[in-house]
Amino acid sequence: MNLPNEPKELPIDGTLDLHAFRPEELGSLIPAYIEECLRNEIFEIRIIHGKGTGSLRRSVHALLERNPHVESYSLAGDRSGWGATLASLKKPV
């Protein structure tokens, strides 16, 4: 069991579910997750932010927009609709 200030262990499988995190954690969480995905040669990721009011989605999109490893991103076009964002990461040259 994780204590409140203890780091959470995340599987690096290309899907990041933000429901277990606080909004203020996103600024370090998303870039770190992207770095780990690249290390594991995962170039397509799914970030589940939920539908809600849209503020979490906007934060995720702002972080993806500024990240130099992100080639493109869009809302998922599947059953999750605008509750998840798909991002393509740049493959190292």
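Residues numbered from 1 in each chain as written. Predicted model: local features only at pLDDT ≥ 70, side-chain atom pairs only at ≥ 80, totals over all residues. Heavy atoms only, no water.

Chemist: Which parts of the structure should I look at to understand the sheet that holds strand E3 (residues 70-75)?
Modeler: Whether parallel or antiparallel, the strands of a sheet pair through hydrogen bonds between backbone atoms. Taken in spatial order, the 4 strands line up as E1-E2-E4-E3 in an open sheet, and their pairing is mixed. Each of the sheet's edge strands pairs with one partner strand only, and the pair in question is strand E1 (15-17) and E3. Pairs of neighbouring strands in the sheet enclose a mean axial angle of 20°, with direction left out of account. Where helix H1 (residues 26-39) meets the sheet, it contacts E1, strand E2 (44-48), E3 and strand E4 (84-89), and its direction lies at approximately 160° from that of E1. (Pairing = 2+ DSSP bridges. Helix = DSSP H or I, 4+ residues; strand = E, 2+ residues; numbered from the N terminus. Axes fitted to C-alpha atoms, helices over the stretch in contact; angles between N-to-C directions. Contact = heavy atoms within 4.5 Å.)

Chemist: How do you make sense of the pattern of salt bridges when you look at a structure like this?
Modeler: Where side chains of opposite charge bring their charged atoms close, a pairing between them can arise. Across all of its chains, the model carries 2 salt bridges by this definition. In this structure, the salt-bridge partner of Arg22 is Glu24, at a minimum N-O distance of 2.7 Å. According to the relative accessible area criterion, Arg22 is partly exposed, its value standing at 43%. When its relative accessible area of 58% is taken as the criterion, Glu24 is described as exposed. Arg39 is the partner of Glu36 in a salt bridge, and the nearest nitrogen-oxygen pair spans 2.8 Å. (Salt bridge = Lys/Arg side-chain N within 4 Å of Asp/Glu carboxyl O. Buried < 20%, exposed > 50% of the residue type's maximum accessible area, 1.4 Å probe, protein only.)

Chemist: Explain the side chain of Thr85 to me, please; I cannot follow it from the model alone.
Modeler: Following the sequence through the fold, Thr85 ends up in strand E4. Classification of Thr85 as buried rests on a relative accessible area of 0%. Of note is the side chain of Thr85, whose polar atom sits 2.8 Å from the side chain of His49. At 2.7 Å, the side chain of Thr85 forms a polar contact with the side chain of His61. (Polar contact = N/O pair within 3.5 Å; in protein donor to acceptor, adjacent residues only side chain to side chain.)

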